[in-house]
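Residues per chain, in single letters:
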Amino acid sequence: MVSTTDASEIGLDRLPPEAGPVVGKDRGASTGFLLSLPATLLILVVIVFPFAYVAGMSLYNEATGEFVGTANFRRVLSSTDFLPSVRVSLVWTISNLVIQTVCGLALGLFLNQRFRGRDAARTLFLVPFVVPTAVVALMFSWMVNSTFGVFNHLILTSGLSDTPINFLGDPRFALPTVVLINCWRWIPLVALIIFSILQGIPRSEYEAARVEGAGHWATFRFITFPYLGRSMTAIGLLGTLLTFNIFDLIWLLTAGGPVNRTKSLPVLIYEFAFGLQNLGAAAAASVLMFLMLLVFTLLYFQRRDFKVE
Amino acid sequence: MSSFDSAERQPRSLSRRAVVGAAAGGVATALGLRAANAAPLSAPTLLRQETTEIRFWHQEVVPKRVEVFQKFIDAFNAENSGIRVVQESQGWDTAFSKLVSALTAGNPPDVMLSLPALTMTMQSRGDIIPVDDIVESVNSQYQFVESQLTPFKYQDATWGVPMWGMTFLLHYRTDLLEEAGVENPPATWAEWLDASTKMTGNGKYGIILPANKNLFTTENFYSVMINTDARIYGPDGKIAFNSPETVEALTFYKDMVKAAAPPDAPSLDWGTWEQALLRGIGASTNGFSSWRQAMDETDLKDNWSAVAQPVKEGGKPGQIHYPNNFMVFKQAEEKIEAIARFTEYMHQPEVNGEWLATMEPTLYLPITETSQQSDSFWSNPVIAAHRAMVEKQLEVLPRGQLYGFEDPGAYNPTVGEFEGSGVLGEIVQRMVIEDLSPQDAADFGQTRIEEVLQLQ
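The rules behind these values
- Residues numbered from 1 in each chain as written.
- Chains lettered and ligands numbered in written order.
- Predicted model: local features only at pLDDT ≥ 70, side-chain atom pairs only at ≥ 80, totals over all residues.
- Heavy atoms only, no water.
- pLDDT = per-residue confidence, 0-100.
- Contact = heavy atoms within 4.5 Å.
- Axes fitted to C-alpha atoms, helices over the stretch in contact; angles between N-to-C directions.
- Helix = DSSP H or I, 4+ residues; strand = E, 2+ residues; numbered from the N terminus.
- Parallel < 35°, antiparallel > 145°, perpendicular 65-115°, else oblique.
- Nonpolar A, V, L, I, M, F, W, Y, C, P; charged D, E, K, R; others polar.
- Buried < 20%, exposed > 50% of the residue type's maximum accessible area, 1.4 Å probe, protein only.
- Pairing = 2+ DSSP bridges.
- Right-handed = clockwise from strand over helix to strand, strands pointing away.
- Phe/Tyr/Trp six-rings, centres within 6.5 Å; stacked < 30°, edge-to-face > 60°.
- Lys NZ or Arg CZ within 6 Å of the ring centre and 35° of its normal.
- Salt bridge = Lys/Arg side-chain N within 4 Å of Asp/Glu carboxyl O.
- Core = buried A, V, L, I, M, F, W, Y, C linked by side-chain atoms within 4.5 Å.
- Polar contact = N/O pair within 3.5 Å; in protein donor to acceptor, adjacent residues only side chain to side chain.

Chemist: Where do I start with the confidence of the model for chain A in this structure?
Modeler: Close inspection of predicted coordinates is inappropriate for parts of the model with low pLDDT. Considering every residue of chain A, the mean pLDDT works out to 87; 90% of them sit at 70 or more. Residue range residues 1-5 of chain A is modelled with pLDDT below 50. Its contacts to residues more than four positions away, or to other chains, number one contact.

Chemist: What am I meant to see in the packing of helix H4 (residues 82-111) of chain A against helix H13 (residues 265-275) of chain A here?
Modeler: Two quantities define a packed helix pair, namely the angle between the helix axes and the distance between the axes. All names here are of chain A. Where H4 contacts H13, the two axes come as close as 8 Å, and the packing angle between them is 140 degrees. The orientation of H4 relative to H13 falls into the category oblique. Contacts from Phe82, Ser85, Val86 and Ser89 in H4 reach Leu265, Pro266 and Leu268 in H13. For the contact of H4 with H13, the class distribution of residues is five nonpolar, two polar and no charged.

Chemist: How do you make sense of the pairing of strand S1 (residues 52-58) of chain B when you look at a structure like this?
Modeler: If a strand is regular, its side chains alternate between the two faces of the sheet. Residue and element names in this part refer to chain B. Of all seven residues making up S1, five are buried, and the element is well covered by its neighbours. Bridge count between S1 and strand S2 (residues 83-89): seven bridges; the pairing is parallel. Considered in S2, the bridge of Ile54 is made with Val85. This β-α-β element, S1 to helix H2 (residues 63-79) to S2, shows right-handed connectivity. Two strands pair when backbone bridges link them, and S1 and strand S3 (residues 111-114) are joined in this way by two bridges, in the parallel orientation. From the neighbouring strand, Phe56 faces S3, where its bridge partner is Val111.

Chemist: What exactly am I supposed to notice about the packing of aromatic side chains here?
Modeler: In total, this model carries 38 aromatic pairs over all chains according to the counting rule given. Their ring planes at 55 degrees and their centres at 4.6 Å tell us that Trp251 of chain A and Tyr270 of chain A sit as a pair that is tilted. Here Trp251 of chain A, found in helix H12 (residues 248-253), pairs with Tyr270 of chain A, found in helix H13; they are 19 residues apart in sequence, far enough to count as distant. On the basis of relative accessibility, which here comes to 26%, the residue Trp251 of chain A falls in the partly exposed class. Here Tyr270 of chain A falls in the partly exposed class, since its relative accessible area comes to 21%. Aromatic rings pair up to connect Phe56, Phe69, Phe76, Trp164, Phe326, Phe342, Tyr345, Trp355 and Tyr364 of chain B into one cluster. The residue whose ring lies beneath Arg279 of chain B is Phe148 of chain A, and the NZ or CZ to ring-centre distance is 4.6 Å.

Chemist: How do you make sense of helix H14 (residues 349-359) of chain B when you look at a structure like this?
Modeler: Counting along an α-helix, one turn takes 3.6 residues, and residues three or four places apart therefore face a common direction. Within H14 of chain B, eight of the 11 residues are buried, leaving the element largely enclosed by the surrounding structure. Along H14 of chain B, the residues classified as buried are Pro349, Val351, Asn352, Gly353, Trp355, Leu356, Ala357 and Met359 of chain B.

Chemist: What is the right way to look at the sheet that holds strand S8 (residues 169-173) of chain B in this model?
Modeler: In a beta sheet, neighbouring strands are held together by backbone hydrogen bonds and run either parallel or antiparallel to one another. Residue and element names in this part refer to chain B. Read from one edge to the other, the open sheet built from three strands follows the order S9-S8-S10, with strand pairing classed as antiparallel. The open sheet terminates on both sides in strands that have one partner only, identified here as strand S9 (284-287) and strand S10 (304-307). Strand-to-strand, the axes of this sheet are offset by a mean angle of 20 degrees, without reference to chain direction. Note that S8 and S10 share four bridges and pair antiparallel. Residue pairing in the sheet places Leu170 in a bridge with Val307 of S10.

Chemist: Quick question: what am I supposed to make of the pattern of salt bridges here?
Modeler: Pairs can form between side chains of opposite charge once their charged atoms are near each other. Counted under the stated rule, the structure contains 28 salt bridges over all chains. Across the pair Lys263 of chain A and Asp81 of chain A runs a salt bridge, and its minimum N-O distance is 3.1 Å. Here the residue Lys263 of chain A occupies a position in the loop between H12 and H13, and Asp81 of chain A occupies one in the loop between helix H3 (71-78) and H4, the gap between them amounting to 182 residues. Asp81 of chain A matches Lys263 of chain A in its accessibility class, with the two residues each being buried. Between Arg448 of chain B and Glu426 of chain B there is a salt bridge whose closest N-O contact spans 2.9 Å. Here Arg448 of chain B is found in helix H20 (residues 438-452), whereas its partner Glu426 of chain B is found in helix H19 (residues 423-433), with 22 residues between them in sequence. Owing to a relative accessible area of 6%, Arg448 of chain B belongs among the buried residues under this scheme. Here the residues in one salt-bridge network are Asp81, Lys263 and Glu271 of chain A together with Lys213, Glu426, Arg448 and Glu451 of chain B, joined through shared partners.

Chemist: Honestly, the nonpolar core in this entry has me stumped. Any pointers?
Modeler: Generally speaking, a soluble globular protein has its nonpolar side chains buried in company with each other. Trp164 and Trp355 of chain B are the most contacted members of the largest nonpolar core, which totals 143 residues. Among the elements that take part in this core, helix H14 (residues 279-300) of chain A stands out by supplying 10 residues, more than any other.

Chemist: It is not clear to me how the side chain of Asn182 of chain A should be interpreted in this structure. Could you clarify?
Modeler: Residue and element names in this part refer to chain A. Locating Asn182 in the fold gives a position in helix H9 (residues 174-199). Look at Asn182 and you get buried, because its relative accessible area is 2%. Polar contacts involving the side chain of Asn182 include one to the side chain of Asn96, which spans 3.0 Å. In contact with Asn182, not counting residues within four places along its chain, are Trp92, Asn96, Gln100, Ile246 and Leu249.

Chemist: Help me understand the environment of Val150 of chain A in this model?
Modeler: Residue and element names in this part refer to chain A. Counting through the fold element by element, Val150 comes out in helix H8 (residues 150-158). For Val150, a relative accessible area of 37% corresponds to the partly exposed category. For the pair formed by Val150 and Phe140, sequence separation is 10 residues and the distance between their alpha carbons is 9.8 Å. Those residues in contact with Val150 that lie beyond four places of it in its chain are Trp142 and Met143.

Below you can see the structure in the form of structure tokens.
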């Protein structure tokens, strides 16, 4: 905090009375502007400009360079694939977030306990996250393969089923399978984040609760959960946006199939762009997806947790 | 409000204005540039130079193939002091988007390796020029296989110079066929279904046949469509998918998948397909032949043979094929003589034979009669080891056919979208997964193709 004492210590009190505050404000303003300039320019170059370019593309027939107004948007919205893709994206995002939060919380609480090998466990937990997506996809596509995959071998030899299960080719199993594979990848990271939040909770609060005779559930509900809640609000927003935008794993595992049961919006956009070679429609679908996420983000920011107290 | 609050807010509001202003400026600039880019750009001024540089794009990303390209480009450059060919490898996945970007920027390649569908897409956009003179020159010296030229002749010109061909054969396990009590490899559809069914069992599948929404399935199913003379496009250019011929092809394909394909047929891709063959799970496959090189590393290498794709009784012999071609962009019109020399060089029989044999033996086939006789092709060790199979490929090559190009002179500029959409695979996948009747699948397919291609 600035105080008159601080100002006199650095000689500001010797400036003319009318000049002091103005010079200080100008200098602060211009310094702040200059300091934020590189980041602002970077954002303009790598986010604003490309997005504006894509927004422009959505108004053109990219094959002919002809201005077509909202034709690309009408094409996307009238496509029989659009609404099912929105539905798949919602199911994909919500199921991922629920499973990852529940399992990540359980593992984070587990890691927060004192036990032998905890440090080693924490390190091992990061392994799924550092494996490249392409490797994860290849590894699981072979493991769940119905002809020579290890999962089906176990299912058949254990008698759980008489016939192999086509995890990625059967419409009933494809989306759940891809969700679970994605969760396998992300749950350890969620667990480590939760663990780091738990480590930041003052021990004194737990000790006070114990002195007051609080049980495990009361301790979790009144101490652990409020701390987690505040952090998880921000993480939830990031997680939602990241999960909604995931394309690589879905594409590599199922390419949106079977019969479009895993065709999320990013996959649909890819198909428009590189399958149908219609960059204008792909750009329009991207803009629509951006607007959906923007509305979600704005609504999310209305939460009390984001209000400055 | 304290003075501190006021002082703190001042830079914040300034910063926000600056950011918003800069962002708005950025958006306006970007939209302005986008609009400017939409207008055709004038051709860049070519620098006067003694050496003509040819920018050559291709989609071969495998390091060995790029090296082979470079070897022959270097040899050409050494022989032609006034010309310098420079290769740029793009990869098929991103070739179209990169090409559109390059065209928008007014900086496309001079010549590009392509396929019939992409060539027609570029022709319909007005981005490429006819290459009749080059084709006539090569043809008069080395004689193209006619089926390789057909997909490039439309609208009173030839738009691509065929460089190599690829085609399907039926590959089968000789030991499993014998165990199944089948004396001869199948020649008809009935024999094919019967043999595949008999070879299925004990953890083996009679045929590794895909029913997935991908190009792999498109190729397999279209290859069957050829035998019933079923069509995607009619002679009038309209979608003619829903026909008795298509229903017949769908019926056969569905029967084959149900009787002899592995349960993961609806999710099969090239990777899992090859694994199934290499692991000895598959008894046969209808497809290209380059995977046989990987099979040579296994104990099963001597257990495979290949025949022409079986034909429906009384049907039309044939199978899918892909002629790969050079296409020349408008901006390179002034360099056409240099491009012609490069093209003709790559067609010189001994150059052509060695080039294709070393780049991807058993996949890329010479498509001129003289190159097919070249010593440099047949002396390659891999070709020599699979001589009977390669001879069979060359034997069936003249019967090759491709969707959208069935009729000489056919002009279907949406064929690139059709190929890229994977819609044929989608139809097959839906039929298999949802157990649609072939007629229902044909009905659905007609509507779906029209929707995807925006022809409704």
